[in-house]
Amino acid sequence: MQHQKLRLAATLQRQGSLSAAAAVEEAKEQKQQVAQAPDPRILRRTRSLNAPSPFQQFGPCGRIMKNSAMVMQIQDPASQRLTWYKPPLTVLVIKKKDSQVLLPFVQLVEWLVQEKHMVVWVESAVLEDKLLRDDVKLENESAKFRQVHGDYCGVRERFLALREKLVTFKDGRDDLTDRIDFIVCLGGDGTLLYASQLFQQSVPPVMAFYLGSLGFLTPFQCDNFQEQVTNVLEGHAALTLRSRLRCSIHRKGERRKESLQPAGSSLLKPSHHRYLNYIELNNGASSGANNNYCNPHMSSNNSILVLNEVVINRGPSPYLSNIDIFLDGKYITSVQGDGLIVSTPTGSTAYAAAAGASMIHPSVPAILVTPICPHSLSFRPIVVPAGVELRISISPDSRNTSRVSFDGRNDQELNHGDSLRVTTSIYPVPSICSQDQISDWFDSLAEGLHWNVRKRQKCLDELSDLTASGSEDTLDEFDNLKIYDASGSSLDT
């Protein structure tokens, strides 16, 4: 190793690129990198879903140039475990608007308040639920509602005993930043999307219970929630960091600014931003074919974070959309079709999957670009690195404008001259795993999407037996074929 150091120093001196002192320092650094190189005799396949951290020296002389923007450490997702540097005291409980969720909701809140002595936050609309109030004028309600209201008498009494101990908030008015330590969702995937919408910067750990219809993002069951929540509060849980997209609209005529801004820049507070969107929606700004309303605050210095996707489509127009796509300022292609989906890996199993995109594990750092019904047989969905910036604009020769929506909300018009900029946010959604990052995702694929469900091909021995049997027996055998899922388990029960 000493001989290698002297040889490198001599080579650099001969080239005249470094002084003797600098050459020695360079040699020391090269020595450290060589010492850190993995021993090929003990090299094992990494468990990482991304990649092992690459060795940064290439041959005797080449290596990656160091700069402030270089990030080479890629953490193994299997090592992402939840830890609390102080005990969580406040918990936000988000529930689906469904009467069937009321009982588990009240049981959970009651347990958190009485057993765990936590401060429970709920949306103010929960207190207005007629099934949880005892001052409803039943004579003005339908016979069916009066029956259901009576069925929930016991649940209502338990909730009213806790009502004064709950802290409420109103979406669009109250800022929850740095107030919540832990989030519990009861319902379907929409509850997790709503939690992401509430926190437009750092998101507390989210534990999602399946009480909806699909539940692709909700891995926990409510049967033994006490044990599961206790394990999480004690820090015994794996995390899936679900990346989000930071989207900003740059309107024509505005003074151009950089869309990639450091944290703490002059973005609107999330509560104020949601308040503006709340006014927009309640004024009917996002409905009607002649809606030309655009949120003036969604400009180059304002952004919104989405968990699934941002969608650009032709709206009610009968004409095809013509959308130009730029990647880090370089023109890539134009989309001629119904629109474009830019999604996260989490969103790859949502709208993008229905449009033909590949399903990508949420731990993979990437951005998916998927055309919607393109007027081309060769336009396949693509995956680009997570760190790039996409700029999307209406083609100058397009016959119409486009509509843009963020996780299905805040629908706005994108006019000629406007541009939408999309990149990966530094604020992911830390989703707590029921088992681990791998098992949860593949279980969701199998149970939620019936991924790779198929008829099982018979082996040669079985086929030979069928050939040797009579025709009637053969038909009977084919009628009794079983259907198997991806794991090989029979689906005929």
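Overview of the structure.

Definitions and cut-offs
Residues numbered from 1 in each chain as written. Predicted model: local features only at pLDDT ≥ 70, side-chain atom pairs only at ≥ 80, totals over all residues. Heavy atoms only, no water. Helix = DSSP H or I, 4+ residues; strand = E, 2+ residues; numbered from the N terminus. Buried < 20%, exposed > 50% of the residue type's maximum accessible area, 1.4 Å probe, protein only. Contact = heavy atoms within 4.5 Å. Areas by Shrake-Rupley, 256 points an atom, 1.4 Å probe, with all protein chains shown as cover. Phe/Tyr/Trp six-rings, centres within 6.5 Å; stacked < 30°, edge-to-face > 60°. Lys NZ or Arg CZ within 6 Å of the ring centre and 35° of its normal. Salt bridge = Lys/Arg side-chain N within 4 Å of Asp/Glu carboxyl O. Axes fitted to C-alpha atoms, helices over the stretch in contact; angles between N-to-C directions. Parallel < 35°, antiparallel > 145°, perpendicular 65-115°, else oblique. Left-handed = near helix turned anticlockwise from the far one by under 90°.

## Describing the overall build of the protein
Alright, step 1. A tally of helices and strands in the protein yields 13 helices and 22 strands.
Alright, step 2. Counting the 493 residues in the protein, one finds 43% classified as buried.
Alright, step 3. Once local pairs closer than 6 in sequence are excluded, the contacts in the protein between residues at least 24 apart make up 70%.
Alright, step 4. Surface accessibility of the protein: about 27100 Å² in total, with carbon and sulfur atoms responsible for 51%.

## Details of the packing of aromatic side chains
Alright, step 1. Scanning the entire structure with this criterion turns up seven aromatic pairs.
Alright, step 2. The interplanar angle of 85° and the centroid separation of 6.0 Å between the aromatic rings of W84 and F182 together place this pair among those described as edge-to-face. Residue W84 is found in the loop between β2 (62–63) and β3 (90–95), and its partner F182 is found in strand β6 (residues 182–187); the two are separated by 98 residues along the sequence.
Alright, step 3. The interplanar angle of 65° and the centroid separation of 5.6 Å between the aromatic rings of F326 and Y331 together place this pair among those described as edge-to-face.
Alright, step 4. A relative accessible area of 44% places Y331 in the partly exposed class.
Alright, step 5. The side chain of K95 reaches across the aromatic face of F105, ending 6.0 Å from its centre.
Alright, step 6. Positioned above the aromatic ring of F326 is the side chain of R391, whose terminal nitrogen or guanidinium carbon lies 4.0 Å from the ring centre.

## Let's talk about the pattern of salt bridges
Alright, step 1. Within the structure shown, the criterion is met by 10 salt bridges.
Alright, step 2. For K95, the salt bridge identified is with D129, shortest N-O distance 4.0 Å. Separated by 34 residues along the polypeptide, K95 in strand β3 and D129 in the loop between α4 (124–127) and α5 (143–151) bring together distant segments of the chain.
Alright, step 3. Judged by its relative accessible area of 21%, D129 is partly exposed.
Alright, step 4. Here D174 makes a salt bridge to R173, at a shortest N to O gap of 3.0 Å.

## Overview of the packing of helix α3 (residues 102–114) against helix α8 (residues 225–233)
Alright, step 1. One way to put it is that α3 packs onto α8 with a least axis distance of 11 Å and a crossing angle of 50°. Judged by the inter-axis angle, α3 sits oblique to α8. Where α3 crosses over α8, the handedness of that crossing is right-handed. Of α8, the residues touching α3 (which contributes Q107, L108, W111 and L112) are F225, Q226, V229 and T230.

## Some thoughts on α8
Alright, step 1. Along α8, the residues that are buried comprise F225, Q228, V229, T230, V232 and L233.
Alright, step 2. Looking at the packing, one finds that the buried side of α8 touches α3, β6, β7 (206–210) and β20 (429–432).

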